[in-house]
Amino acid sequence: AGDNRIIGLRNPGAPTRGAAYFWGDSVVLKAVSYDNFGNVQTTTLTFDSDWAAKEVEYIVNWEPGQIRFQVNDSDGYQTLATHTTRVGSFPLALDINNAVADNMDIGYVIVDKPVIAS
């Protein structure tokens, strides 16, 4: 049936308001962000086939005015996309969702302190 996965920040009750996450199926991987009004920005990412068989850190670095979608793998940290036009400011829940009945192993989850704009 393929994959349908979300890894990032999204409120289940309002999934298109302020969200920022990786979305992937068996064909494509995307960086997705929404502003507070539900306007979306998506970037199709180049999937490295090594990510399918190894532990990879998927990083959503959400700061005032920008969201960086990054990975940390055997090649080190890489920024895959930066969104600056659809950046929300709502508090968001951590959302790790595997909508297909297959295995998705999670090694760990880290939530770091927020960056406060001065």
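The rules behind the values
- Residues numbered from 1 in each chain as written.
- Predicted model: local features only at pLDDT ≥ 70, side-chain atom pairs only at ≥ 80, totals over all residues.
- Heavy atoms only, no water.
- Helix = DSSP H or I, 4+ residues; strand = E, 2+ residues; numbered from the N terminus.
- Rg over C-alpha atoms; globule rule 2.2 N^0.38 Å.
- Buried < 20%, exposed > 50% of the residue type's maximum accessible area, 1.4 Å probe, protein only.
- Contact = heavy atoms within 4.5 Å.
- Areas by Shrake-Rupley, 256 points an atom, 1.4 Å probe, with all protein chains shown as cover.
- Lys, Arg positive; Asp, Glu negative; His and termini not counted.
- Charge placed at Lys NZ, Arg CZ, Asp CG, Glu CD.
- Patch = residues over 30% accessible without salt bridge, like charges linked within 9 Å, V, L, I, M, F, W, Y side chains within 5 Å.
- Salt bridge = Lys/Arg side-chain N within 4 Å of Asp/Glu carboxyl O.

**With respect to the overall build of the protein chain**
(1) Moving on: When its secondary structure is counted, the protein chain shows zero helices and eight strands.
(2) Moving on: Written out in order from the N terminus, the α and β elements of the protein chain read β-β-β-β-β-β-β-β.
(3) Moving on: Its C-alpha atoms give the protein chain a radius of gyration of 14 Å, within 12% of the compact-globule value 13 Å for 118 residues.
(4) Moving on: Referenced to the eigenvectors of the C-alpha coordinate spread, the extents of the protein chain come out at roughly 40 × 30 × 25 Å.
(5) Moving on: Every one of the 118 residues in the protein chain was classed for burial, and the buried ones make up 30%.
(6) Moving on: Of all intrachain contacts in the protein chain linking residues separated by at least 6 positions in sequence, the fraction that spans at least 24 positions is 44%.
(7) Moving on: A total accessible area of about 7300 Å² is found for the protein chain, and carbon and sulfur atoms account for 49% of it.
(8) Moving on: Side chains of the protein chain give 8 positive and 14 negative charges; the mean places of these two sets differ by 9 Å.

**What about a nonpolar patch on the surface?**
(1) Moving on: A surface patch of nonpolar side chains, about 440 Å² in accessible area, is lined by Leu 94, Ile 96, Ile 106, Val 109 and Val 111.
(2) Moving on: Topologically, Leu 94 is positioned in strand 8 (residues 94–98).

**Overview of the environment of Ala 81**
(1) Moving on: Relative to the elements of secondary structure, Ala 81 occurs in strand 7 (residues 76–83).
(2) Moving on: Taking the C-alpha atoms as reference, Ala 81 lies 17 Å from Trp 51; in sequence the two are 30 residues apart.
(3) Moving on: Among residues more than four places away in sequence, those in contact with Ala 81 are Ala 31, Thr 43, Leu 45, Ile 67, Arg 68 and Phe 69.

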